[in-house]
2 protein chains.
Amino acid sequence: MQYPGFDFCITDQASDSAARCATITTPHGDIPTPNFIFCATKANLKAMPISAIRAAGVDIILSNTYHLMLQPGSAVVAGHGGLQEYSRWRGPMLTDSGGFQIFSLGHSSVADEIKGRRTGRGNMLYGISEDGARFRSYVDGRAVELTPEKAIQVQMRLGADIILVLDECTPYHIREIQTFEAMERSHRWALRSLQAFQEAGGVGSAGLQSLYGIVQGGIYRKMRQISAEFAGEHPFFGTAIGGCLGSSTQEMYDVMAMTMDYLTPQRPIHLLGVGRVEDIFRGVALGIDTFDCVAPTRMARHGGALTKGLRLNLHNAVHVNDRAPIDVTCDCATCQEGYSRGYLHHLLKAKEVLAMTLVSQHNVRFMVRVMLEIRQAIREQRLAVLAKEYGVAL
Amino acid sequence: MQYPGFDFCITDQASDSAARCATITTPHGDIPTPNFIFCATKANLKAMPISAIRAAGVDIILSNTYHLMLQPGSAVVAGHGGLQEYSRWRGPMLTDSGGFQIFSLGHSSVADEIKGRRTGRGNMLYGISEDGARFRSYVDGRAVELTPEKAIQVQMRLGADIILVLDECTPYHIREIQTFEAMERSHRWALRSLQAFQEAGGVGSAGLQSLYGIVQGGIYRKMRQISAEFAGEHPFFGTAIGGCLGSSTQEMYDVMAMTMDYLTPQRPIHLLGVGRVEDIFRGVALGIDTFDCVAPTRMARHGGALTKGLRLNLHNAVHVNDRAPIDVTCDCATCQEGYSRGYLHHLLKAKEVLAMTLVSQHNVRFMVRVMLEIRQAIREQRLAVLAKEYGVAL
């Protein structure tokens, strides 16, 4: 299958790792990679106006199908001309298929499970069948069904440039055979997703779209191989690495590496839901092109400010009288305006929402700069040197 | 008393009303009047970065002594170089004396009382004596005392350009004699405030300051006369109209008018806590120079968007599919970016704090424009015509 309006062009290849620079072309603009996709879950990057996102140098954002299909509904977004117009971002966007959130409802929380944690969240997943999944809406409690076809239909209405097949996300604490069965079902769902996409002509509410496949297989090399080869055999524009990545950082790196052994390098590769700076350096060195994670912005809203090699907790009373900005070397709007750590501490303590905006725009700019530096380092064949500056041994 | 660094210069006088244009010069910049003072209660205009406040064309903001003396404390603000540096606003600022908030603790809520409403708020005011008032901190419950001298000391540490004497605010539902006694005590407190200010040399943490007197006297013409003449006889830089303004809009206009009959016109005149567009037109026609009110920003945070002659409730489901901005003729950042009513409705419904920022910057710009138009209209001798455009009969 062709993806008109889209292109993936590798421009630089590291000599000492699989790291590469590339450009993903989409109808709403180009994305230089490696890059970070910021999470605008409900069609907004929390507490940040589009002007601030642009000013921070962001290239691409993502929204969540699960949240938006329930509120305001994909038809409403389509009526507004798609997510790009609705949010006023008007740049490249990605939507996930909703699978991750829905299946996390059933297993305490897949997000927790994937990291090996156990929580007691109530079960809002009614059931999974070959057809799809039924779950309870977090907005109004009504029963909602999501099938591969519906996931595509909803994402075509939402209109993001890059959309994903529906997959079944399995947690860490299940048996190998269950992971296998879920992977096989995910493959069947991927084919149904692809067919629905092709039948609809690949044109969403905001123009042409491209479809990514997702690699499952949990922590098992053989399954990762099967799933990666499956994805590669079908005409997806790109590949996302999904599913359970293990219960420790080391296990995650192992799963990332074993998956990359079998992935088609000619397509853009996205790692779902991973975004710590050290994880990004590891992923980039393996040849992964894009990453996403709520951490930089969620952390910001709770007073966690990112700096090179150190996370600042602005809630800490040590900052009360500190007149310095978060980072004197930072060119973000917050540091450039001269907002002090002491003032940000005050806003956080007083529960002023302005704190969310100010720390978020710092963290977003921080991540944008990390990715800029990574691309520069790859071009100059010194990724490992840069990683070391961030305290990461590649 | 002289106020070095300050000046008040009347530039235009309406021929058919007492309305006037003037300039208040302060060490942090000039304020063209009539003007609106936006409320940055806890040293920030909620949900709006300084860059957005500047972009909206704001000339002056105010912070509340009551809130800031408790959190983060005036010494902390002084250590940061005063409110202007702390907040990064770096323009003209005003602080109130804390009296209004403290006395509102004792009488259910003076804010409600002044508008003739009754509520059941618990009593957090321990007592009022000739010396001052004792109250319970809303932050940590400890007992705090505020005297006229302390109100000045705290405001000098906060460092606003314009500061206010401590006054006792009385509610609507008390006897005339109590209003009289409170007024007389407020006068004694005003003299103590003035003395404390003079003894300290009028220099706060951010440089030279000026002191406003406050006119009390409730709804009684004779008392308003006594209080206005008292304020005029003492060397305050400006005069604020405070106290109970009655229980209806008409009564408020009557109190405003009777007070203006006795006020020194050579000084800037501020009307405390009043800021509906119709009230502003009335006040301007009486010769009032500045106004403040939380309404434009508070309303915004709850989805109320100001337009000429109409308040839009963006929470209303009628907006779901509306692709139009709040006001097609508006030049605020929100309308110019093209954020639609439908999208703002979605953000409000999803409880996204970005909605607060986007609607606030619209309402702030709306008020700034109203004041710009009022100044222009006074210069062109057509204030009544402009008022009519806003549905106000002068």
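These numbers come from a predicted model, not from an experiment.

Observations regarding the overall build of chain A
A count of helices and strands for chain A gives 16 helices and 18 strands. Computed over its C-alpha atoms, the radius of gyration of chain A comes to 20 Å, within 12% of the 21 Å expected for a compact globule of 394 residues. Based on the C-alpha atoms only, the size of chain A along its principal axes is roughly 60 × 50 × 40 Å. Burial statistics for chain A: of 394 residues in total, 56% are counted as buried.

Structural notes on the relation of the copies chain A and chain B
Overlaying chain A with chain B gives an RMSD of 0.0 Å, the required rotation being 180° about an axis along which the chain moves by 0.0 Å. Look at the turn and shift together and you get a two-fold axis relating the two. Looking at the rotation axis and the C-alpha trace of chain A, the residue lying nearest is Val353(A), at 3.6 Å. The residues that chain A uses at the interface reappear at the interface of chain B in 100% of cases, marking a shared surface.

A few points about the nonpolar core
Among the nonpolar cores identified, the biggest contains 239 residues, and Ile61(A) and Ile61(B) are the most heavily contacted of them. Look past the residues within four positions of Ile61(A) in its chain and what remains in contact with it is Ile37(A), Phe38(A), Ala40(A), Leu45(A), Trp89(A) and Met93(A).

Observations concerning the confidence of the model for chain A
Considering every residue of chain A, the mean pLDDT works out to 94; 95% of them sit at 70 or more. Contacts from residues 116-121 of chain A, a stretch scored under 50 in pLDDT, to residues over four places away or in other chains number 12 contacts.

Describing the sheet that holds strand S3 (residues 29-33) of chain B
Residues and elements named next belong to chain B. The strand order across the open sheet built from 3 strands is S1-S2-S3, with neighbouring strands paired in antiparallel fashion. Each of the sheet's edge strands pairs with one partner strand only, and the pair in question is strand S1 (7-13) and S3. Each neighbouring strand pair of the sheet contributes to a mean axis angle of 15°, computed without reference to strand direction. Bridge analysis of strand S2 (residues 20-26) against S3 gives 5 bridges, and the strand direction is antiparallel. Across the sheet, the residue bridging to Thr26 is Gly29, located in S3. Along the sheet, helix H15 (residues 354-379) contacts S1, S2 and S3; its crossing angle with S2, the most-contacted strand, is approximately 125°.

A closer look at the interface of chain A and chain B
The partner chain B presents 37 residues to the 37 residues of chain A that form the contact. Listed by contribution, the elements that provide at least two residues to the side of chain A that touches chain B are helix H1 (50-55), helix H3 (74-79), helix H4 (83-87), helix H13 (333-337), helix H14 (341-349) and helix H15 (354-379) of chain A. Among the elements that line the side of chain A that touches chain B, the one with the most residues is H14(A), at 5 residues. Looking at the side of chain A that touches chain B residue by residue, the classes come out as 18 nonpolar, 12 polar and 7 charged.

Brief notes about the domain arrangement of chain A
Residue and element names in this part refer to chain A. On domain assignment, one finds that chain A holds domain 1 (7-33 + 64-292) and domain 2 (300-378). Taken together, the elements giving at least two residues each to the side of domain 1 that touches domain 2 come down to strand S2 (20-26) and helix H11 (277-286). In terms of residues, the side of domain 1 that touches domain 2 owes the most to one element, H11, which gives 3 residues. Residue composition of the side of domain 1 that touches domain 2, by class: 7 nonpolar, no polar and 2 charged.

Quick look at unusual backbone geometry
Residues Thr33(A) and Pro34(A) are joined by a peptide bond in cis, for which omega reads 5°. Position of Pro34(A) among the secondary structure elements: in the loop between strand S3 (29-33) and strand S4 (35-39). Here the bond from Gln71(B) into Pro72(B) is cis, since omega is 10°, no more than 30 degrees from zero. One can find Pro72(B) in the loop between helix H2 (65-70) and helix H3 (74-79). Here Lys351(A), not a glycine, exhibits a phi torsion of approximately 55°, which is positive. Relative to the assigned elements, Lys351(A) resides in the loop between H14 and H15. Overall, the presence of 8 C-beta atoms within 10 Å leaves Lys351(A) in the exposed class.

Examining the sheet that holds strand S16 (residues 290-292) of chain A
All names here are of chain A. Ordered in space as S4-S5-S6-S10-S13-S14-S15-S16, the 8 strands form a closed barrel in which the pairing is parallel. In this sheet, neighbouring strand axes are inclined to one another by 30° on average, regardless of whether the strands run parallel or antiparallel. Of the strand pairs in this sheet, S4 and strand S5 (residues 61-63) are connected by 2 bridges, and their pairing is parallel. Of the residues in S5, the one forming a bridge with Cys39 is Leu62.

A look at helix H14 (residues 341-349) of chain B
By the criterion of burial, H14(B) is predominantly enclosed, with 8 of the 9 residues buried. Of the surrounding secondary structure, the elements contacted by the buried residues of H14(B) are H4 of chain A together with H15 of chain B.

Here we look at the pairing of strand S13 (residues 210-215) of chain A
All names here are of chain A. The buried fraction of S13 is high, at 6 of 6 residues. Burial of S13 is two-sided: the residues Ser210, Tyr212 and Ile214 facing one way and the residues Leu211, Gly213 and Val215 facing the other way are all buried. Here 3 bridges tie strand S10 (residues 162-164) to S13, and the two strands are oriented parallel to one another. Its bridge partner being in S13, Ile162 is matched across the sheet by Ser210. As defined by bridge partners, S13 adjoins strand S14 (residues 238-241) across 4 bridges and the pair is classed as parallel. Its bridge partner lying in S14, Tyr212 is registered against Gly238. In this fold, the crossover linking S13 to S14 by way of helix H9 (residues 221-233) has right-handed handedness.

Some remarks on helix H9 (residues 221-233) of chain B
Residue and element names in this part refer to chain B. Taking 1.5 Å of rise per residue, 13 residues should cover 18 Å, and H9 covers 18 Å from first to last C-alpha, within 8% of that figure. Restricting attention to buried positions, one finds in H9 the residues Met223, Arg224, Ser227, Ala228, Phe230 and Ala231. Taken around the axis of H9, the buried residues stretch over an arc of 160°, which confines them to a single face. Among the exposed residues of H9, those oriented more than 90 degrees off its buried face are Lys222 and Glu233. Contact partners of the buried residues in H9: helix H8 (176-199), strand S13 (210-215), strand S14 (238-241) and helix H10 (249-260).

Regarding the packing of helix H7 (residues 148-158) of chain B against H8(B)
All names here are of chain B. The interhelical angle for the contact between H7 and H8, taken along N-to-C directions, is 40°, at an axis separation of 8 Å. One finds that H7 runs oblique with respect to H8. Considering the relative orientation of H7 and H8, their crossing is right-handed. On H8, the residues touching Pro148, Glu149, Ala151, Ile152 and Gln153 of H7 are Trp189, Arg192, Ser193, Ala196 and Phe197.

Description of the packing of H8(B) against H9(B)
Residues and elements named next belong to chain B. Packing of H8 against H9 brings their axes to within 11 Å, and their N-to-C directions diverge by 0°. Comparing their axes, H9 and H8 come out roughly parallel. For the pair H8 and H9, the contacting residues are Thr179, Phe180, Met183 and His187 in the first and Met223, Ser227 and Phe230 in the second. Here the residues of the contact of H8 with H9 are counted per class, giving 4 nonpolar, 3 polar and no charged.

Details of the environment of Tyr212(A)
All names here are of chain A. Its location among the elements puts Tyr212 in strand S13. Separated by 177 residues in the primary sequence, Tyr212 and Glu389 place their C-alpha atoms 33 Å from one another. Setting aside residues no more than four positions away along its own chain, Tyr212 makes contact with Ile162, Leu164, Phe236, Phe237, Gly238, Thr239, Ala240 and His270.

What counts as what
- Residues numbered from 1 in each chain as written.
- Chains lettered and ligands numbered in written order.
- Predicted model: local features only at pLDDT ≥ 70, side-chain atom pairs only at ≥ 80, totals over all residues.
- Helix = DSSP H or I, 4+ residues; strand = E, 2+ residues; numbered from the N terminus.
- Rg over C-alpha atoms; globule rule 2.2 N^0.38 Å.
- Buried ≥ 20, exposed ≤ 12 C-beta atoms within 10 Å, placed from the backbone.
- Least-squares fit on C-alpha atoms with pLDDT ≥ 70 in both.
- Contact = placed C-beta atoms within 7 Å.
- Core = buried A, V, L, I, M, F, W, Y, C linked by C-beta atoms within 7 Å.
- pLDDT = per-residue confidence, 0-100.
- Pairing = 2+ DSSP bridges.
- Axes fitted to C-alpha atoms, helices over the stretch in contact; angles between N-to-C directions.
- Nonpolar A, V, L, I, M, F, W, Y, C, P; charged D, E, K, R; others polar.
- Domains from an automatic or database assignment.
- Right-handed = clockwise from strand over helix to strand, strands pointing away.
- Expected span 1.5 Å × (residues − 1).
- Arc of directions from axis to C-beta.
- Parallel < 35°, antiparallel > 145°, perpendicular 65-115°, else oblique.
- Left-handed = near helix turned anticlockwise from the far one by under 90°.

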